[in-house]
Each structure stands twice: as C-alpha cells, then as structure tokens.
Amino acid sequence: MPEPRVQWLAADSIWWGGRLRKGVALRAGTDGVVKPVPAEMAPADGLRRFPGTLLPGLMDAHVHSALADLATVRAGGIAEVWDLGGNPATLRQLAARAAPTGPAEPAGTAPTGPDEIARAHAEPGRAAGSGWPRLPRIRYAGPFLIAPGGYPSDRAWAPAGSCREITSAADAGVAVAEAWSAGATLIKVTAHAGGPMLPQPTLRALVDAAHAASLEVVVHAEGPGTVAAAFEAGADLLAHTPWTEPLPDALIRACAARMTWISTLDIHGWGDPDPFRDVALDNLRRFVEHGGTVRYGTDLGNGPLIPGVNPRELRALRAAGLTPDEILLSMTEPTSPTITWLPAGLDLSPETFADALATARVLDDTIHPREP
C-alpha cells in the first residue's frame, strides 16, 4: 500500500463546523484528521478540486448491521454508522472489513482469516478490500444488555448472540468488560416496559461500569417510566426519541441538560405517519426548545426504511424545529476522517434541503473530480 500522504481538496463551497464557507480548502493529514484551512494554503500541485460542496462524512447513529445492507447504505451517502445492538464477534469482523480509507487513499487487500481481521481492526486503513463492497465506517455497541428474558431476546429478528443477560449488579461490570474487549465503544442497554426490565440498581451499575471504562451508554427506553429510569441511572443517550407517551416537561428539561436523543422518527409509519410519530415529534420539539442535543439516526433494519440518507427523517427533524445547519450538526463529527460530497452543492433552503442532501456521495479514490 502506498505511504500515507497529506491530501488537499477544494470545492465551490465547504460546510464545516456549522456553517457554509467559501475560500477554504480541506487538508486531510496522514493522521486521518481533516480540517478546513484558507484556500491559499493549499498547494496547486496535487490539489483535488470538486464542483459542489464538501462536508464531514454523514453519519447514521442507529443501525443494525445484521438487518441492513451496509454497502447500499454507503452508496446512499452515509459514511459512518453506529450499530446499536448485535453479535459482538460478527460486528468486530464487519467493522474490520469496513472501509475507513481517506478521501484519496486506495483500497487495500481484503483481510482473510481471524488474524488478519484482527490486524485490520487495529489498523482500519487495511480494511477496504479490493473485491469487497465498500462499507461505511462502523462504531458499535456490541450486544443488547438486558434483563433475563427481556427485550429483544423475545423477538425473532434478534440475531443469535446479540443479547447478553445481566443477572446482578456485579455481573454488569463483567458484561461491560466483555463488550469493551470485543471492540465496543458504546454500551447498549434496554429498558422495555413490555417485559422483564433491569432493576434500577443494576441499570445504575451498568452505567457506572461503562463510564469507568470511558464508554457512553445508550438506552432503548420504551414505555412508562423508562426514560426517567435511564435518566436517573446516568445514561448518556436515548436510542430513540420517546414515543409511547408525552413526557412531563420537567423530565424533558432535565434530559435536555445532560442527554442526547437519537431521532428515529421515520420508524413511526415509514412515510405514512402513525399516531406515535406525533407524540415523538412533540417530545423532540420540546427537547430541542430546552437546548437538547439530537443525533440523526434511523434504526435501519426496523421496517422499510430508506437505506442511505433518509429524506423522510430529515423532514421530520425539520418538523421538530431543527434548522438545516442543526440537522447537519446532528449528522456529522468535525473530527471524522470521512468526507461527503454533494455534486450540485449544499442547498440550505428548508423546503428543498432534504432532497438535496439525499444526493450525497461518500468521497473516496473512485471519485475523479475535474482538474483545477
């Protein structure tokens, strides 16, 4: 594989850090860090120039890789995903195979066998194998941590090995250590009022163990009392905007001060909105009004959702009161090594933003821009 080198990219405009800019270029360093710099800093020799707009790689913060075609997701403009519940061994291999190569870095050789997959996991630039479909970068939580017999172990769609029962507060620390050892950088816990739930001390022990390992905790909170339980346990994120009932404003205000909610609004009807969507929109609207942080996420794998950038989810976020710039902030990380390209340019008009963003492409060495 060629030695890494600094890459320089320019476009008609660049969206970065919450605003659209002109007169800047992107410097993609050998350390994987991409940052905007004044255009005059970019050397003329080797500069890749694009029509349209460049921005950080778009992210879907709630997918289930075993239930979705990730190659199609990447082809649909999503550069990175968070897998929020699956078989940890499978996720580790899939993350190693995923393609976190830089915008001009050629694909490497496909990893084969457990040793090479482990090396690719440690050196992710090796993972984009020739002959393998390119996948989005994958950050994963490992298994659902659940009460014995709890959700989603009772669901036919849950893959084998994707649930880990927690039997005690002491067992919580063991489960977190297992997930971390399997490469998880998040912990996923379920609180589902329709079945067995973890006692509050055990839920708190899970959160404490995760935080001691510098891992954020995402809770699937569904049903009366579950959002309050997640908040009181110290969880960092909700996997869904709460939808089963309107939340008290005091609870929403408290959540907004400390938690992040992942949107997943399109699961309520998949384009034919059901009554739960209205409840979720009202909860999210109040959460945003109180200053809460939102992550764009779709729960891909849950019904007929659009793979790739989902305009229906974007329109729902607009209906919840987010501006196009705020939606982009919910979909991007400025420290990401991935880059998105919008060939026709970024349209921030509220009426056309969703459809324009759905034309996004993940920038890589297969895209040949015009010469400067």
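Below: a short report on this structure.

Calculation rules
- Residues numbered from 1 in each chain as written.
- Predicted model: local features only at pLDDT ≥ 70, side-chain atom pairs only at ≥ 80, totals over all residues.
- Heavy atoms only, no water.
- Helix = DSSP H or I, 4+ residues; strand = E, 2+ residues; numbered from the N terminus.
- Buried < 20%, exposed > 50% of the residue type's maximum accessible area, 1.4 Å probe, protein only.
- Contact = heavy atoms within 4.5 Å.
- Areas by Shrake-Rupley, 256 points an atom, 1.4 Å probe, with all protein chains shown as cover.
- Pairing = 2+ DSSP bridges.
- Expected span 1.5 Å × (residues − 1).
- Polar contact = N/O pair within 3.5 Å; in protein donor to acceptor, adjacent residues only side chain to side chain.

What about the overall build of the chain?
For step 1, the next point in the chain: Helix and strand content of the chain: eleven helices and 17 strands.
For step 2, the next point in the chain: Counting every position in the chain, which comprises 372 residues, the buried fraction comes to 54%.
For step 3, the next point in the chain: Long-range pairs, those at least 24 residues apart, make up 68% of the contacts in the chain with a sequence separation of at least 6.
For step 4, the next point in the chain: Split by element, the accessible area of the chain, about 14900 Å² in all, is 54% carbon and sulfur.

Here we look at the pairing of strand β5 (residues 48-56)
For step 1, the next point in the chain: By the criterion of burial, β5 is predominantly enclosed, with seven of the nine residues buried.
For step 2, the next point in the chain: Relative to β5, strand β1 (residues 7-16) is paired through five bridges, and the arrangement is parallel. The residue bridging Ala 11 from the neighbouring strand is Phe 50, located in β5.
For step 3, the next point in the chain: Bridge count between β5 and strand β16 (residues 339-342): four bridges; the pairing is antiparallel. Each residue of the ladder has a partner; that of Leu 55, found in β16, is Thr 340.

Some remarks on helix α8 (residues 275-289)
For step 1, the next point in the chain: Relative to the 21 Å expected for 15 residues at 1.5 Å per residue, α8 spans 22 Å between its end C-alpha atoms, a close match to the ideal helical length.
For step 2, the next point in the chain: Along α8, the positions that sit buried rather than exposed are Arg 277, Ala 280, Leu 281, Asn 283, Leu 284, Arg 286 and Phe 287.
For step 3, the next point in the chain: The opening residue of α8 is Asp 274, an N-cap whose side-chain oxygen sits 3.0 Å from the backbone nitrogen of Phe 276.
For step 4, the next point in the chain: Positioned one or two residues after α8, Gly 291 has a phi angle of 90 degrees, which is positive.

With respect to the environment of Lys 22
For step 1, the next point in the chain: Examined against the element boundaries, Lys 22 turns out to sit in the loop between β2 (19-21) and β3 (24-28).
For step 2, the next point in the chain: Considered as a pair, Lys 22 and Thr 53 are 31 residues apart in the sequence and their alpha carbons are 9.6 Å apart.
For step 3, the next point in the chain: Not counting residues within four places of it along the chain, the set of residues in contact with Lys 22 comprises Asp 12 and Ser 13.

Looking at helix α6 (residues 226-233)
For step 1, the next point in the chain: Taking burial as the measure, the eight residues of α6 include six buried ones, the bulk of the element.
For step 2, the next point in the chain: Within the span of α6, buried status applies to Thr 226, Val 227, Ala 229, Ala 230, Phe 231 and Ala 233.
For step 3, the next point in the chain: Each element contacted by the buried residues of α6 is listed here: β11 (186-192), α5 (200-212), β12 (216-222), β13 (237-238) and α7 (249-258).
For step 4, the next point in the chain: Backbone geometry just downstream of α6 places Gly 234 in the positive-phi region, at approximately 95 degrees.

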